[in-house]
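As a plain string of letters, each chain reads:
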Amino acid sequence: MKIAMMTEGTYPYSFGGVSVWCDQLIRGLTGYDFSLVAIVATGAERMVWPLPGNVVAVDRVPLWSTAPAGPTVSRRNGLPVGLLRELIDSLLDSSAEAQPRFTGVLRELFEFAQRGNLSAALGSDKAVRLLSEAWMERPPPAHWRTAPTLHDAVSAMQLLDHALRPLSCPPPQADLAHAVTNGLAVLPALAAKWRYGTPVIVTEHGVYLREQYLQNRKSPYRWPVKAIYLSFMRRLCALGYSEAGAITPGNVYNRRWEERLGAKPGRIRTVYNGVDPADFPALSGEPDAPTISWVGRIDPIKDVETLVRAFALVRQEMPAARLRLFGSPPKGRESYLERCQALTADLGITGAVTFEGRVENIADAYAAGQIVALSSVSEGFPYSLIEAMTCGRTCVATDVGGVTEAVGDTGLVVPPRNPKLMARACLTLLQDDDLRHRLGTAARTRALQNFTVDGAISAFDEVYSLVSAARPGRPGWTERAIEDPSDDLLPWKAAK
Amino acid sequence: MIARTLAARERTRVPPGANEDQRLRAVPAEDDKPRDLAELCEQFVLVCESAVDPLEISSALEFDGLNDQAARELYGFSDVFALAEEMYWRVPRQPAEPEPVADPWRISKLRSAMHGLIYGLPAVCFPAASGLLNGPGALRALVVALLSSWALSQGLAYLGYARLGRSDPVQAARVMLPGMTAGTGATALVMALTALTGHVHLPVLAFGFGLGTYMLGATVLMVLGAERLLLIVLAPAVLGSAAFLALGRPHYLEYATWGALAATPALALGLATWRARRKSGFFGRRRGATAKKREAAGPLITAADLRGALPSVGFGLVVAGLLVFPVAAALPGRPDTGALIASLPLALSMGVAEWTLVWFRRRTQRLLRATREVPVFAHRARLTLFTALLHYLTAAALLTATAAAVMITAHLIHPHWTLAPQIAAYLALGGAMFVALLLQAFGSRIFPLITCAAALAFEVLWRRLGVLGQLAACTELLVTLTAYAAHVLGKAVRHAP
């Protein structure tokens, strides 16, 4: 069976959690052939992952390359003026009909892109004129400052042009189209569904749309551009959910957004990330000094500052305590590391906090602490937690994303950005050897039961055969709900 | 479903039978979160005012660590989505304008003037080298060298700028070295072929080869943004030649001057190689790692690159032809003084052209941000184009007048009214080059190439017309290019940021 797997900005062209996951999945599913459709920025990216043997093809879809993708414009294929107008209207429309209109227009855009040059059409002067006229036809917004200009029209059409580039590529031919993120990666999957009836699976580690909102808060574009672009993303994500035969979020927390955007609960199945237990054997000893270990990117989203502040409070009660931070800042954003170091100096705990940088063997980082801490303000389903748990280390973590689902009752979960409670939780575990060891053992048991790579692989094996067997159109398919075994994992299952 | 999940989540806070430690999780957020909705709206006022829909506020709340539990316990809403929706309706839209981005088209007049000097300074080397450039076939060899060096350096510049345009300075630096090596090889080959087709003195061939390598090295340094190094490169040849000419070409200084002339291409090659290697991260990295990365990256120069470079190569060839053909056609006989005084200011004016191009771009960008209607923009953009052209032509005319005045006072040339049409022709050519540059900067590369080639063909075919033919060809070229630019650059979409 052949799977077309769609990625955006990740595998096999960059490192990170999602890429690790893709690599694990493909290597584990030896019975399937994979052809990758990787959405990339410029097309000049270098492959950073050695490809597994069952990857039969890699197609790059650059969004920002200068050469327009697809066949050149021919005179027979004139500008699809009506189609462009309908696209613009469906994005500016805020009524309930907008979503079905968008679905229709996207499919027609795909049909056009397969025979004409969609990029040229969206980048034409006529398209800019249509958008500026559509803006002017609508009642001017109460906030006069945001009156859209031609610069906004040009920028907006440019963004749409690049976002829709994947529609111009030949639709992938496979038994199943698996988009490992919602959003633009869904476009090639939809193309396959429209052309060949290929069933679609959408996986989400973080909620794509939520990330789009956050990214665009600091965008250089004015409000009208941001509004139309996010409207496009919202409609596309909603379409991705509604067209998918199965949605496989990386944690239950994501379901809230998915269902909010119209995903049918019966099609959602949570599949947790997993680690290979062989890489993280149970740790036998503990370090001599009471130590808190932390593993991750030194980045504001990880809120290392809260951890440092919490540690300062821990030190007041346990002067021998140490905090060891393993990881480095992303390239070009070293300023946050400096800020954390300055904070350590301000709090007078420089000697007790060490910035260790990258480690060769990550299990060593978990071995370095009695407990492992995670202070992030946003997470999907963090690898560092389940790795630490597999090693048999208990964790103190913030209540974000899928953290509570991972930790369960084998560690302590505290609210984000709250040094006081984080310090209390750390102290509880550091001071009570018995509790710590008990939770550590429970953590390893929980991880081995639920968060192994084999578990994730067999879950997808199951989803693949389930979804591909039920080609759309067969009676009974849409009503059939997918069992979500994650329900068993959650404490409220018993209370249901 | 949502309700079920939420109810369930609430229960997770205090699992039944949880021990004291696990109750920690149930402690409400004891942080800076405000206790009532009005205060929360105040805290998130910027987010709410700029939000495009309630979901944007939801994502901001969640990112700040506010979850469904807090939405319920602190503010009495069923979840974050419901809370965000209320906030969206409470706070009216008043979006903040985005932070002004750094102007990517900022270029100082000093830098432009420096570019002008870089284009113009080498001119002083030709009279100083005249002792070298004699014998049969010298002119032919020189013309061939000029044509090939312009063509090759334009092609190389394209390869570099295409990568810079993709925000990939490392790849741009990496493509420069093989590009320069191949270009140097091609120049050597061209000079060798020239020697084979007729008798040419060795110094002439060496000068032509030096010219070619200098142009390639200079291109590398310009692409890599190292204009200051380029001034160092130019120093020996320019200072040597200037001193030689100022002292009245003393015989005893001839060899020293030629040595200085040879130093410049050598320096250009050396510094360009050093700079390209440094920028491509060649130093300080294990060779094995570099080789491995190279393998992963695939071919450095693809067939698409070469296809893309073709119009640039052609344009370089045609422009060099337009510049040197009138000079070459005037010979044999005495050197054409008109061509000399007209072409030097033209080279210097390329600095003005560059600056005016940037001025035009910034002006139209501002226009785009201030205009709401397509026809209004088209009209104003055209006016801006004509203003820019006028600006350039005035500057070029002033430069020409200054150059002529200097040369006349220095008794280098004798003023004569017959020079006027030739100067006018070169001015028109300068204007045409400016518009062609503008069109290329806005992504139109084929039309300038075709029209310039047509103008050159006209000059060659009707060379009997002499200066008048040149004047007609250049004026026609200027008019055609300007009309085309007025059409193309009136479109808002061409000014996409």
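The numbering scheme is per chain: residues are counted from 1 as the chain's sequence reads. Chain labels run from A onward and ligand labels from 1 onward, assigned in the order the entries are written. At least 70 in pLDDT is required for a residue's local features to be given in this predicted model, at least 80 for side-chain atom pairs to be given and counted, and no such filter applies to totals for whole chains, interfaces and linings, which use all residues.

Caption draft 1: The overall build of chain B, seen in detail. Under the DSSP-based scheme used, a helix requires at least four consecutive residues in state H or I and a strand at least two consecutive residues in state E, with every element numbered from the N terminus. In terms of regular secondary structure, chain B is built from 20 helices and zero strands. The exposure label follows from counting other C-beta atoms within 10 Å of a residue's C-beta, where the C-beta atoms are placed from the backbone and the thresholds are 20 or more for buried and 12 or fewer for exposed, leaving partly exposed in between. The buried share of chain B, reckoned over its 497 residues, is 42%. Working definition of a contact: two residues with C-beta atoms, positioned from the backbone, lying within 7 Å. In chain B, the proportion of contacts linking residues at least 24 apart, taken out of those at least 6 apart, comes to 79%.

Caption draft 2: The arrangement of the overall build of chain A in detail. A tally of regular secondary structure across chain A gives 19 helices and twelve strands. We compute the radius of gyration from the C-alpha atoms alone; for a globule the expected value is 2.2 Å times N to the 0.38, where N is the number of residues. The globule rule puts the C-alpha radius of gyration for 496 residues at 23 Å, and the 25 Å found for chain A is close to it. The principal-axis extents of the C-alpha atoms in chain A amount to approximately 80 × 55 × 45 Å. Here chain A, with 496 residues, has 53% of them falling under the buried criterion. Sequence-distant contacts in chain A: of pairs separated by 6 or more residues, those separated by 24 or more amount to 70%.

Caption draft 3: Local environment of the packing of helix 8 (residues 208–216) of chain A against helix 4 (residues 54–63) of chain B. What counts as an axis is a line fitted to C-alpha atoms, over the stretch in contact for a helix, and the angles between N-to-C directions run from 0 to 180 degrees. Where helix 8 of chain A meets helix 4 of chain B, the axes come as close as 9 Å, and the angle between the chain directions of the two elements is 85°. Here helix 8 of chain A is positioned roughly perpendicular relative to helix 4 of chain B, judged by the angle of their axes. Taken together, the residues of helix 4 of chain B that come into contact with helix 8 of chain A (itself represented by Arg210, Tyr213 and Leu214 of chain A) are Leu55, Glu56, Ser59 and Phe63 of chain B. Charged means Asp, Glu, Lys or Arg here, nonpolar means Ala, Val, Leu, Ile, Met, Phe, Trp, Tyr, Cys or Pro, and polar covers whatever is left, Gly included. Partitioning the contact of helix 8 of chain A with helix 4 of chain B into residue classes produces four nonpolar, one polar and two charged. Orientation categories follow fixed angle ranges, with anything under 35 degrees roughly parallel, anything over 145 roughly antiparallel, 65 to 115 roughly perpendicular, and all other angles oblique.

Caption draft 4: Structural view of the domain arrangement of chain A. Residues and elements named next belong to chain A. Per the domain assignment, the segments of chain A are domain 1 (2–67 + 170–267), domain 2 (81–158) and domain 3 (279–450). For domain 1 versus domain 3, the distance between C-alpha centres works out to 31 Å. Contacts between the two partners involve eight residues from domain 1, matched on the other side by six residues from domain 3. Counted by class, the side of domain 1 that touches domain 3 contains three nonpolar, five polar and no charged residues. Per the annotation, domain bounds derive from an automatic or database assignment of domains.

Caption draft 5: Highlighting the domain arrangement of chain B. All names here are of chain B. Structurally, chain B comprises domain 1 (32–99), domain 2 (109–301) and domain 3 (310–497). Taken over C-alpha atoms, the centre of domain 2 sits 24 Å from the centre of domain 3. Facing 19 residues of domain 2, the contacting portion of domain 3 comprises 20 residues. Within the residue set of the side of domain 2 that touches domain 3, elements represented by two or more residues are helix 7 (109–120) and helix 9 (138–165). Per-element accounting of the side of domain 2 that touches domain 3 gives the leading share, eleven residues, to helix 9. The residue makeup of the side of domain 2 that touches domain 3, split by class, is eleven nonpolar, seven polar and one charged.

Caption draft 6: Looking closely at the sheet that holds strand 1 (residues 2–8) of chain A. Residue and element names in this part refer to chain A. Ordered in space as 3-2-1-4-5-6, the six strands form an open sheet in which the pairing is parallel. For this open sheet the edge positions go to strand 3 (55–62) and strand 6 (246–249), each flanked by a neighbour on one side alone. Within the sheet, the average angular offset between the axes of one strand and its neighbour, ignoring direction, is 20°. For two strands to be treated as a pair, DSSP must find at least two bridges joining them. Pairing geometry for strand 5 (residues 200–204) and strand 6, over four bridges, is parallel. Directly across from glutamate 204, in strand 6, lies its bridge partner proline 249.

Caption draft 7: Broad picture of the nonpolar core. Any set of buried Ala, Val, Leu, Ile, Met, Phe, Trp, Tyr and Cys residues joined through C-beta atoms within 7 Å is what this text calls a nonpolar core. By size, the foremost hydrophobic cluster in this structure holds 282 residues, and its most contacted members are Cys395, Val396 and Cys426 of chain A. With 14 residues, helix 9 of chain B is the largest single contributor of residues to this core. Among all residues touching valine 396 of chain A, those that are not within four sequence positions of it are Ile371, Ala373, Gly411, Leu412, Val414, Met422, Ala425, Cys426 and Leu429 of chain A.

Caption draft 8: Seen up close, the sheet that holds strand 8 (residues 322–326) of chain A. All names here are of chain A. Taken together, the six strands give an open sheet; going across it, the order is 9-8-7-10-11-12, and neighbouring strands pair in parallel fashion. Across the chains shown, the open sheet's two edge strands, defined by having one partner strand only, are strand 9 (353–357) and strand 12 (412–414). On average, each strand axis in the sheet is inclined to that of its neighbour by 20°, with strand direction left out of account. With four bridges connecting them, strand 8 and strand 9 associate as parallel partners. Looking at strand 9, one finds that arginine 324 is bridged to threonine 354. The strands touched by helix 16 (residues 419–431) are strand 7 (291–295), strand 10 (371–374), strand 11 (395–398) and strand 12; relative to strand 12, the strand with the most contacts, the crossing angle is about 170°.

Caption draft 9: Inspection of the confidence of the model for chain B at higher detail. All names here are of chain B. For chain B, the mean per-residue pLDDT works out to 83, and 85% of the residues sit at or above 70. Confidence scores per residue from the predictor, reported as pLDDT, run from 0 to 100. At the low end of the mean pLDDT range in chain B sits helix 1 (residues 2–13), at 34; at the high end sits helix 6 (residues 80–90), at 96. Within the model, the stretch residues 1–30 combines pLDDT values under 50 with 48 contacts to residues more than four positions away or in other chains. For residues 285–292, every residue scores under 50 in pLDDT, and the model assigns this stretch two contacts once sequence neighbours within four places are set aside. Among the prediction metrics, the complex's ipTM stands at 0.88, with pTM recorded as 0.81.

Caption draft 10: Quick look at unusual backbone geometry. All names here are of chain A. With an omega of -5°, the peptide bond running from tyrosine 11 to proline 12 counts as cis. Within the secondary structure, proline 12 is located in the loop between strand 1 and helix 1 (17–28). Phi at aspartate 303 is positive, roughly 45°, even though this residue is not glycine. Take aspartate 303: it is sitting in the loop between strand 7 and helix 11 (304–317).

Caption draft 11: Fine view of the confidence of the model for chain A. All names here are of chain A. Summarising the model, chain A shows a mean pLDDT of 89, and 91% of its residues fall at 70 or more. Per-residue pLDDT stays below 50 along residues 474–480; that stretch engages in two contacts with residues further than four places along the chain or on separate chains. Note on residues 491–496: pLDDT is under 50 here. Beyond four places in sequence and across chains, it has nine contacts.

Caption draft 12: Representation of the environment of glutamine 431 of chain A. Mapped onto the elements, glutamine 431 of chain A comes out in helix 16. Spatially, the C-alpha atoms of glutamine 431 of chain A and phenylalanine 355 of chain A are 24 Å apart, while their sequence positions differ by 76 residues.

Caption draft 13: Layout of the pairing of strand 8 of chain A. Counting buried positions over the five residues of strand 8 of chain A gives four, a clear majority of the element. You can see the chain leave strand 8 of chain A, run along helix 12 (residues 335–346) of chain A and come back into strand 9 of chain A, and the turn it takes is right-handed. Classification remark: right-handed applies to a crossover when, strands pointing away from the viewer, the course from the first strand over the helix to the second runs clockwise.

Caption draft 14: Spatial organisation of the environment of alanine 262 of chain B. All names here are of chain B. Within the secondary structure, alanine 262 sits in helix 13 (residues 254–279). Take alanine 262: there are 16 C-beta atoms within 10 Å of it, and that puts it in the partly exposed class. Separated by 93 residues in sequence, alanine 262 and proline 169 have C-alpha atoms that sit 30 Å apart.

Caption draft 15: Inspection of the packing of helix 10 (residues 169–196) of chain B against helix 13 of chain B at higher detail. All names here are of chain B. With their axes 8 Å apart at the nearest point, helix 10 and helix 13 run at an angle of 145° to one another. For helix 10 against helix 13, the interelement crossing comes out left-handed. Mapping the contact onto sequence places Pro169, Ala173, Met176, Leu177 and Met180 in helix 10 and Ala272, Thr273, Ala276, Arg277 and Lys279 in helix 13. In terms of residue class, the contact of helix 10 with helix 13 is made up of seven nonpolar, one polar and two charged. Whether a crossing is left-handed or right-handed is set by the direction in which the near helix is turned from the far one by less than a right angle, anticlockwise for left-handed and clockwise for right-handed.

Caption draft 16: Fine view of the environment of glycine 206 of chain A. All names here are of chain A. With respect to the helices, strands and loops of the structure, glycine 206 is situated in the loop between strand 5 and helix 8. With 24 C-beta atoms packed within 10 Å, glycine 206 lands in the buried category. Taking the C-alpha atoms as reference points, glycine 206 and proline 172, 34 residues apart in sequence, are found 25 Å from one another. Not counting residues up to four positions away in its chain, the partners in contact with glycine 206 are Glu211 and Gly380.

Caption draft 17: Expanded view of helix 7 (residues 186–196) of chain A. All names here are of chain A. The element helix 7 is extensively covered by neighbouring structure, given that eight of its eleven residues are classed as buried. Burial in helix 7 covers these residues: Val186, Leu187, Pro188, Ala189, Leu190, Ala191, Ala192 and Lys193. Of the residues one or two after helix 7, glycine 197 is the one with positive phi, at around 75°.

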